[in-house]
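Inside the fold
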Amino acid sequence: MEIRSSLKRKSILALIVYLCFFLATIGSLTYLAVDSPFRKELKQYLDVRAELLSSQVLDPLNRSVGVLQSIVSIAQASENQQEASRMLRSIFSTVDDIVISGGIWPKPFSVDSNIKYSGLFFNRALDGQIDQLHSWNNPEAGGYDSEVWYVSGMEEPSGSVFWSPVYVDSFTQIQMITVTSPYYVNGEFAGVVTVDLSLQSLTALISRHAERYDLGVSLRDSYGSTITEHNFRLRDGAYVSKYTFGDFDWKLDVVNSRRLVDEDVFDLVMSVEKGIIPFLLFCLMFGYYLLSRYLINPIALIAQKVEESKEGGIIEIPYRSHDEIRYLIDTFNQKTVYLEAEKVKAQASTKSKSIFLATLSHEIRTPMNGVLGMAQILLRGDLKPQQRKQLKSLYESGEHMMALLNEMLDFSKFEQGHMELDYSKFPLEFIIGSVTSVYSSLCHEKGLQFKVYSEVPANRWYFSDKARIRQILFNLLNNAVKFTSRGLVEVFFSEVKLDGQLYLSIRVRDTGIGIEQAAQEKIFRPFEQAESSTTRRFGGTGLGLAIVKQIAELMDGTVSVNSQLDIGTSFQVNLKIDVCDPETHENNPARHLSYSGLKVLIVEDNRTNTMIIETFMKNKGFECECVENGDLAIQAVANGQFDLVLMDNHMPVKDGVEAIQAIRHLESCQSKVLILGCTADVFKETREGLMNAGADAIVAKPINEIELDDALYSHINKLYQYHSKMPKLDFSGATEEMLVKFYIAIENKALGEALDIIEILENSLALPDESQLASALKTVKSHLEGGELPPKSAIDLLTVLLSDY
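Predicted, not measured: the structure shown is a model, and the values here were computed from it. Every chain begins its residue count from 1, and numbering advances along the sequence as written. The predicted origin of the model limits local features to residues at a pLDDT of at least 70 and limits the giving and counting of side-chain atom pairs to 80 or more, whereas totals for whole chains, interfaces and linings rest on all residues. Processing note: side-chain calculations cover all non-hydrogen atoms of the structure and skip hydrogens and water entirely.

Focus on the packing of helix 14 (residues 630-639) against helix 15 (residues 656-664)
- Whenever a helix is involved, its axis is fitted only over the stretch in contact; in every case the axis is a line through C-alpha atoms, and angles between N-to-C directions fall within 0 to 180 degrees. By the criteria applied, helices consist of DSSP H or I runs no shorter than four residues and strands consist of E runs no shorter than two, each listed in order from the N terminus. One way to put it is that helix 14 packs onto helix 15 with a least axis distance of 9 Å and a crossing angle of 20°. What the angle tells us is that helix 14 and helix 15 run roughly parallel. Considering the relative orientation of helix 14 and helix 15, their crossing is right-handed. Of helix 15, the residues touching helix 14 (which contributes G630, I634 and V637) are A659, A662 and I663. When describing relative orientation, an angle under 35 degrees is termed roughly parallel and one over 145 degrees roughly antiparallel, while 65 to 115 degrees is termed roughly perpendicular and anything else oblique. By definition, any crossing whose near helix is turned counterclockwise from its far helix by less than a right angle is left-handed, and any crossing with a clockwise turn is right-handed. A contact between two residues is defined here by any heavy atoms of the two lying within 4.5 Å.

Here you go:
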């Protein structure tokens, strides 16, 4: 449409009077009378302070050069090392605090043809004693002639002085710098002389000066390394006085630590403006009236109508002027129609994204199943120690890649609102135990202390999603261990009540690198870390803390961080929790069955995965047959006799869901065969699809052999439905060893563990039903199944019969 009247011209006419008076009066007065001269004076003040502080830093450094030159003279003039040693000890007993050590370092074999290193090195201890150190003269330690401070002075002209970069002494943790100069005897290079300077007093001098004059100071050496900083905070618009001094080109930057130059100027300008505030207020009110009438009111009305039409639909406003506002209203209505159409497209795109992520998960997990599966198989073989170490590294790297993939998929579920909590009853000790077992060893490997403190009442049980609580802990502890090179990692558990609701409070603290205050606001955002170099140094996707925040919010909780650079970080998580009554908690050991005589059908279109699964199953005693799609699987089950079917999901011709449905609709008894779905797709919809089709359980790819064993044992009755006898359990060790384990379980009142041992004995001993020992085992078993301890008489009888057996 055509714009007949310009809203922009209306707003300019309303403001023109106010702007003219303001710019002409305030602008000229501020710039000419206040801004320029006052700003110049403040900058000169900072420049003078920088020059004065530089001279105070330079003075002791120049004195140290004098000490160095004195030692050079001793090295060149001394007739023997005894005289030089005496004179060096005298020098170091009289120098000031900045020089703490130094010495003479002759060329190898130059003092004695039989002794390679004859350095004279003296150090002034904290108590003022002068000690001579001989560690540098040990050839086994590598010798001093290969050190940077020695090489830098070789063959250089007499009188040359070299300054090393600033470094931190490994014993005293004090910043140091070394000054080196060569010395010559009879015109030939004879060695170097060094002086080691402690910068502790210089940094203290800078701190005192900065505090006294409210300055921010940064001191850097010629290599760009920061020696010390005090209150040095750079802000936008801050004036920095830069000063370079000394032959060693140190750089000193000085800023005003409390206020910017602009702030001081602004305060002065404001004091001037107070005299004309009434006039400015009048102009402002008049300008506001014009803007309200012709601009703000119509826009506010548009905003109100837009608010009322959030769910769609056009807006109607009685606005007759044909200007930009009229154009805005008509354009908005056109865009509304367009956005409705785009909304339909976006919903379709979201669905496509979910399909893509499911495909991505499957396509990555399928080859990873090959990598991790082959690694598990090879680890069982007879390997050399180095080969086993390399193979374990391969397996752990693959698991790390799967962890990164799971992080991305978890975040995608949160993003789409598909993440759901799986509530169950569990003891807090379950989580504390898993955390302790994993991170105690990880911290020990890095030389860190790992401690867990719990103020939660003993034997506390909760009704919540234990997997998500553990995921929060693992994500926080992974970061703590990753970013901590020395010190400790601690976990604190407690309960707090907020607004009458019970919360589980988890705090994870470390003594790592810390997080800058500015970066603390973005670490909970996805794909972001504290700084760009963090990913290069430590790795990671940047999703861990974002997932922690989203899980906490999903559980009606909160997460916060408190951190200081180079001191450490503390994360505090509060999760809404419900307490429940304890249940009998059984710790079932892994069971290894003899599957000889059983036949399994492996349905898998990937050849590598087929080889791995087939190897797993043959090692367990299964007879294996393999097909590559669902259609062939249906034919094989219909025409053969199988005890188990391992069914892949994504396959050509017919997928896993279609194949399972067809098998369950067979008229023969094979329709009830045990079917385990094997899928690389971790999305809930895929798993539900397989289970709804008739699968008995799901085993995720990459296949974990322990998970596969658990699934087989859980469905042992269905696995052996076509056989008259159940399998016998294999167990290692003598009967006496099993009996000892049984006594320990009874003493600890671990009824589940005791019941497992009795079942192992029953299935392993192959006793006739009428035997006295079989009767004794059944008596003990009946008590354990009833949730009570067997009587002592029954245990004693079992002990005697087992001893006789």
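More follows now that the structure is in view.
Quick word on the packing of aromatic side chains
- Within 6.5 Å between ring centres, the rings of Phe, Tyr and Trp (the latter by its six-membered ring) count as paired, and their orientation is classed by plane angle as stacked under 30 degrees, edge-to-face over 60, tilted in between. Considering all chains together, one arrives at 15 aromatic pairs under this definition.
- Geometrically, the ring pair formed by W136 and W149 is edge-to-face, given 5.6 Å between the ring centres and 85° between the ring planes. Taken together, the residues W136 in the loop between strand 3 (130-133) and helix 3 (148-151) and W149 in helix 3 connect sequence positions 13 residues apart.
- Note on classification: 1.4 Å probe, protein chains only; a residue is buried when its accessible area is under 20% of the maximum for its type, exposed when over 50%, partly exposed between these limits. Residue classification places W136 among the partly exposed residues on the basis of a relative accessible area of 30%.
- With a relative accessible area of 16%, W149 lands in the buried category.
- Ring centres of Y184 and F189 lie 5.9 Å apart, and the angle between their planes is 75°; this geometry places the pair in the edge-to-face category.
- Classification of Y184 by relative accessible area gives buried; the value is 18%.
- An aromatic cluster of at least three residues, connected via ring pairs, comprises W105, Y117, F121, W136, Y144, W149, Y150, Y184 and F189.
- Here the basic side chain of R49 rests over the ring of Y213, its NZ or CZ set 3.5 Å away from the ring centre.
- When the ring centre of F492 is taken as reference, the NZ or CZ atom of R507 above it lies at 4.2 Å. A positively charged side chain is recorded as over a ring if its NZ (Lys) or CZ (Arg) lies within 6 Å of the ring centre. The angle to the ring normal must also be within 35 degrees.

Some remarks on the nonpolar core
- Throughout this description, the term nonpolar core refers to a set of buried Ala, Val, Leu, Ile, Met, Phe, Trp, Tyr and Cys residues connected via side-chain atoms within 4.5 Å. Of all hydrophobic cores here, the largest spans 46 residues; its most connected members are V57, L61, I71, I104, L197 and W250.
- Among the elements that line this core, the one with the most residues is helix 1 (residues 7-77), at twelve residues.
- Sequence-distant contacts of L61, that is, excluding residues within four places in its chain, are made with I98, W163, L197, L202, F248 and W250.

Details of the UniProt feature "modified residue: 4-aspartylphosphate" (unreviewed entry) in the chain
- UniProt positions are given in the numbering used here, feature names are shortened, and annotations may be inferred rather than shown by experiment. Per the UniProt record, "modified residue: 4-aspartylphosphate" (unreviewed entry) is found at D648.
- Its location among the elements puts D648 in strand 22 (residues 644-648).
- By relative accessible area, D648 is classed as buried at 1%.

Comments concerning the side chain of S198
- Note that S198 resides in strand 7 (residues 188-198).
- At 3.4 Å, the side chain of S198 forms a polar contact with the backbone nitrogen of Q200. Side-chain atoms alone can form a polar contact between residues adjacent in sequence; in general such a contact is a pair of N or O atoms within 3.5 Å, and within protein one must be able to donate a hydrogen while the other accepts it.

Things to note about the side chain of T228
- For T228, the position within the fold is in strand 9 (residues 226-230).
- For T228, a relative accessible area of 12% translates into the label buried.
- Residues within four places of T228 in sequence aside, it is in contact with T203, I206, V217, S218 and L219.

Notes on the sheet that holds strand 12 (residues 424-427)
- With respect to topology, three strands assemble into an open sheet ordered 12-14-19, the strand pairing being antiparallel. The sheet is open, and its two borders are formed by strand 12 and strand 19 (579-580), each paired with just one other strand.
- Strand pairing follows a simple DSSP-based rule, namely that at least 2 bridges must link the two strands. In this sheet, strand 14 (residues 461-464) lies alongside strand 12 in antiparallel orientation, the contact comprising four bridges. Of the residues in strand 14, the one forming a bridge with K425 is F463.

Here's the deal with the pattern of salt bridges
- The salt bridge definition used is simple: a Lys or Arg side-chain nitrogen within 4 Å of an Asp or Glu carboxyl oxygen. Taken as a whole, this structure holds 13 salt bridges when the rule is applied.
- Between D709 and K620 there is a salt bridge, with the nearest N and O atoms lying 2.5 Å from each other. Taken together, the residues span a long stretch of sequence, with D709 in helix 17 (residues 705-714) and K620 in the loop between helix 13 (607-619) and strand 21 (623-627) at a distance of 89 residues. Summarising the burial analysis for this pair, D709 and K620 share the class buried.
- In the salt-bridge network here, residues are joined through shared partners; they are R220, K242 and D253.

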